[in-house]
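These are the residues of each chain, in order.
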Amino acid sequence: MPVVSVNPPDLPSPAARALAEALHAALADVWTAVDAPGPLDAAPPVPDYRAAPVPDDLSAGRAELIVEASDLPALRAALSSGADAVVIDFDDTFAPTPANVAAAWAALPEWLAADVPLLARPRALYAPQPGLTFAGRPARGALCDLAALLTARPGRVPHLYLPKLESVPQARAWATALRVAEGHLGLNPGTLRVCLQIETLPGLLHMDALLAELSEWAFGLNAGRWDYVFSLVKTTGADRAAPVPPRAGLGMDVDAMQAYAQALVDVCRARGAQAVGGTAAVSPDPRDPTPALEAVRADKAREAAQGFQGAWAGLPELLDAVREGLATPAPPPPPTAPVTRERLLALPDPGPLPAAEVRDTLGLALDVFGAWFAGRGVITRNGRIEDTATAELARALLWQWVHVGAPLDDGSVFDRAAYRTLRRALRPDDTPEARLLDHVVLADAAPAYVPLEAHRLTLTERTFHD
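For the protein, the name recorded in an unreviewed UniProt entry is malate synthase, with Deinococcus grandis as its organism. Under the UniProt heading Sequence similarities (unreviewed entry), the entry covering the protein gives this text: "Belongs to the malate synthase family." Per UniProt, the protein carries the Catalytic activity (unreviewed entry) text "glyoxylate + acetyl-CoA + H2O = (S)-malate + CoA + H(+)".

Undergrad: Please provide a residue-by-residue account of the side chain of H24, values included.
TA: Locating H24 in the fold gives a position in helix α1 (residues 14-26). Here R140 takes part through its backbone nitrogen, which lies 3.0 Å from a polar atom of the side chain of H24. Residue contacts for H24: discarding those within four places in its chain leaves F134, A139, R140, L143 and C144.

Undergrad: With reference to specific residues and values, describe the nonpolar core.
TA: Among the nonpolar cores identified, the biggest contains 152 residues, and L196, L214 and L437 are the most heavily contacted of them. Looking at which domains feed residues into this core, each of domain 1 (15-223 + 254-342) and domain 2 (351-457) gives three or more. Not counting residues within four places of it along the chain, the set of residues in contact with L196 comprises L162, L165, L210, L211, L214, A218, G220, L221 and N222. Of all hydrophobic cores here, the second largest spans 10 residues; its members include L58, I66, A85 and V87.

Undergrad: Break down the domain arrangement of the protein for me, with residues and values.
TA: Along its sequence, the protein is organised into domain 1 (15-223 + 254-342) and domain 2 (351-457). Computed over C-alpha atoms, the centres of domain 1 and domain 2 are 26 Å apart. Listed per partner, the contact involves 18 residues of domain 1 and 16 residues of domain 2. Buried area between domain 1 and domain 2, summed over both chains or domains, comes out near 1,400 Å², and the portion from carbon and sulfur atoms is 63%. Together, D92, Y126 and A281 form the three largest contributors to the area buried by domain 1 at its contact with domain 2, with a combined 37%. Counting across the interface, domain 1 meets domain 2 through zero salt bridges. Connecting domain 1 to domain 2 are five residue pairs in polar contact (both at pLDDT 80 or more).

Undergrad: I'd like to hear about the packing of helix α14 (residues 355-373) against helix α17 (residues 432-441), residue by residue, with values.
TA: It is at 8 Å that the axes of α14 and α17 come closest, and there the two elements cross at 125°. Considering the angle they form, α14 stands oblique to α17. Once α14 is placed against α17, the crossing between them reads as right-handed. Residues L362, A365, L366, F369, G370 and F373 of α14 touch α17, and the partners they reach there are P432, E433, A434, L436 and L437. Classifying every residue of the contact of α14 with α17 gives nine nonpolar, one polar and one charged.

Undergrad: Tell me about the sheet that holds strand β8 (residues 218-223), residues and numbers included.
TA: Ordered by their spatial adjacency, eight strands build a closed barrel running β1-β2-β3-β6-β7-β8-β9-β10, and the pairing between neighbours is parallel. Between one strand and the next, the sheet's axes are offset by a mean angle of 30°, whatever the strand orientation. Taken together, the three bridges between strand β6 (residues 159-162) and strand β7 (residues 194-198) define a ladder with parallel strand orientation. Among the inter-strand pairings, Y161 is bridged to a residue of β7, identified as C195.

Undergrad: Residue-level account of the side chain of N100, with values.
TA: Examined against the element boundaries, N100 turns out to sit in helix α4 (residues 98-112). Among the polar contacts listed, one links the side chain of N100 to the backbone oxygen of A95, at a separation of 2.7 Å. Discounting chain neighbours no more than four positions away, the residues touching N100 are S70, F94, A95 and G375.

Undergrad: An account of the pairing of β7 is requested, with residue identities and associated values reported.
TA: Side-chain direction in a regular strand flips from residue to residue, so the side chains alternate between the two faces of the sheet. Counting buried positions along β7 yields five of five residues, so the element is predominantly enclosed. Burial along β7 is two-sided: the face carrying V194, L196 and I198 and the face carrying C195 and Q197 are both buried. With respect to chirality, the unit in which β6 leads through helix α6 (residues 168-185) into the neighbouring parallel β7 is right-handed. Note: β7 against β8, five bridges, orientation parallel. Opposite I198, over in β8, you have A223 as the bridge partner.

Undergrad: Break down the confidence of the model for the protein for me, citing the residues and quoting the values.
TA: Per-residue pLDDT for the protein has a mean of 94; in total, 98% of the residues score no lower than 70. In the predicted structure, residues 1-6 sits below a pLDDT of 50 and forms 13 contacts with residues beyond four places in sequence or in another chain.

Undergrad: Which residues make up the environment of T390, and what values do they have?
TA: For T390, the position within the fold is in helix α15 (residues 388-404). On the basis of relative accessible area, T390 is assigned to the buried category, the value being 4%. With 207 residues separating them in the primary sequence, T390 and G183 have C-alpha atoms 37 Å apart. Residue contacts for T390: discarding those within four places in its chain leaves W226, R247 and L364. Within the structure, T390 has its side chain in polar contact with the side chain of E386 (distance 2.8 Å).

Undergrad: Describe the packing of aromatic side chains, with residues and values.
TA: According to the stated counting rule, one finds seven aromatic pairs in the structure shown. For the ring pair F414 and Y419, a centre distance of 6.5 Å and an interplane angle of 85° mean the geometry is edge-to-face. The class for F414 is buried, based on a relative accessible area of 2%. For Y419, a relative accessible area of 0% translates into the label buried. Taken together, the ring pairs connect Y126, F230 and Y449 into an aromatic cluster. Here R140 stacks its cationic end above the ring of W31, 4.0 Å away from the centre of that ring.

Undergrad: Please set out the pattern of salt bridges residue by residue, giving values where relevant.
TA: Applying the stated rule across the entire model yields 38 salt bridges. Taking the shortest distance from any N to any O, the salt bridge between K300 and E303 comes out at 3.0 Å. You can see K300 and its partner E303 sitting in helix α11 (residues 290-306), three residues apart, about one turn around the helix. With respect to class, K300 is no different from E303; both count as buried. Note that R456 and E453 form a salt bridge whose closest N and O atoms lie 2.9 Å from each other. Of this pair, R456 and E453 are both found in helix α18 (residues 450-456), three residues apart, which corresponds to roughly one turn of the helix. Taken together, the shared-partner salt bridges in this structure form one network comprising D89, D91, D92, R121, K164, E199 and D227.

Reading the values: rules and limits
- Residues numbered from 1 in each chain as written.
- Predicted model: local features only at pLDDT ≥ 70, side-chain atom pairs only at ≥ 80, totals over all residues.
- Heavy atoms only, no water.
- UniProt positions renumbered as here; feature names shortened; annotations may be inferred.
- Helix = DSSP H or I, 4+ residues; strand = E, 2+ residues; numbered from the N terminus.
- Polar contact = N/O pair within 3.5 Å; in protein donor to acceptor, adjacent residues only side chain to side chain.
- Contact = heavy atoms within 4.5 Å.
- Core = buried A, V, L, I, M, F, W, Y, C linked by side-chain atoms within 4.5 Å.
- Buried < 20%, exposed > 50% of the residue type's maximum accessible area, 1.4 Å probe, protein only.
- Domains from an automatic or database assignment.
- Buried area = accessible area lost by both parts, 1.4 Å probe.
- Salt bridge = Lys/Arg side-chain N within 4 Å of Asp/Glu carboxyl O.
- Axes fitted to C-alpha atoms, helices over the stretch in contact; angles between N-to-C directions.
- Parallel < 35°, antiparallel > 145°, perpendicular 65-115°, else oblique.
- Left-handed = near helix turned anticlockwise from the far one by under 90°.
- Nonpolar A, V, L, I, M, F, W, Y, C, P; charged D, E, K, R; others polar.
- Pairing = 2+ DSSP bridges.
- Right-handed = clockwise from strand over helix to strand, strands pointing away.
- pLDDT = per-residue confidence, 0-100.
- Phe/Tyr/Trp six-rings, centres within 6.5 Å; stacked < 30°, edge-to-face > 60°.
- Lys NZ or Arg CZ within 6 Å of the ring centre and 35° of its normal.

Written out as structure tokens, the structure reads:
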């Protein structure tokens, strides 16, 4: 592996820099619209269209193994794991320290030489790339990742997952980026293939329009479940009088989540797109892995019965269970009610929250944020794989519980003072993870994304370069 500069990272080749420059120039005037919150109004009808064909190397029933882009040993292991496809992730499992960004970009030629179907998830459009500018303006991580991915190995481009989509302007920005990249690289129009991640409430409400904007390249929709629940909580939490249930009460058995999955599959069926399910994110106990693996099989069998044709695994040892579940669909569910806004928003009232659950939620956010500042984007905690997506959900839950003054089962109320007392019992005030969590939990309105808030607070500049 070549030695790379880490302070700040630079794009790995002149070809990558030239493409990044072209992408930033093409999108220079769109960022105000792109950065605006996604709308929650009803989406207007779209003209009839069909999604792009599914790539030949992405078979139905596949188990995709997601791996953090700078975890070089894990990536090498993933390429020989027997996964049906490997997802190189620059988003939820990735901590964008200068060293991680440089290592991930530098390793791309090796990964793209592998004889295995590859997908890559660049960072979301909101994410900055500190240390780089184009035409005097700060660089965007998504466009830099895209330039590095598409130029790393001439003749081989990975398929792409596009994360955190919320609005038609964002979909149009990606369409412009893909069109410019194909022209710049001399690729035929429509060569690139993408799957859109439906992991925000605005994105779900407008997913038909998002898919239409990107139909020249988009072959499918992916259910990013924990990101979606996070978006649901942060977007609607202030309007709820009762507390939102803890994570254990927000699984796919909840009718609002069933409606989410049903809506996604309905659009895929109508437009000839492929529905890709969620991530199996448990970490089986080596002493007795059976319960965890059975839970994965059951989850994927349910997804298969709903119409999903692929799913992610967070660890190699989950691949077989994902595949087996997708291959043996559960019995068809009973007829369901139409998807309505009311169903999507109807989360159950959990009553008094278990104090232990609140403490664990707070500890999860602190543990993931602490690892993220140290350069690790994913951790294993209490038998689950945790990353930015689950930490974002945890902090949104904490914010909503504080906002409504959630009653706890020990007779107390979870308000601002109770939050501070509990957080201080777990981390001192001066740690970056405590400062970040305080900022997002005690805000009047839930901030959009934690990585962006960390950058705005200059916490990444102080920790990523230490």
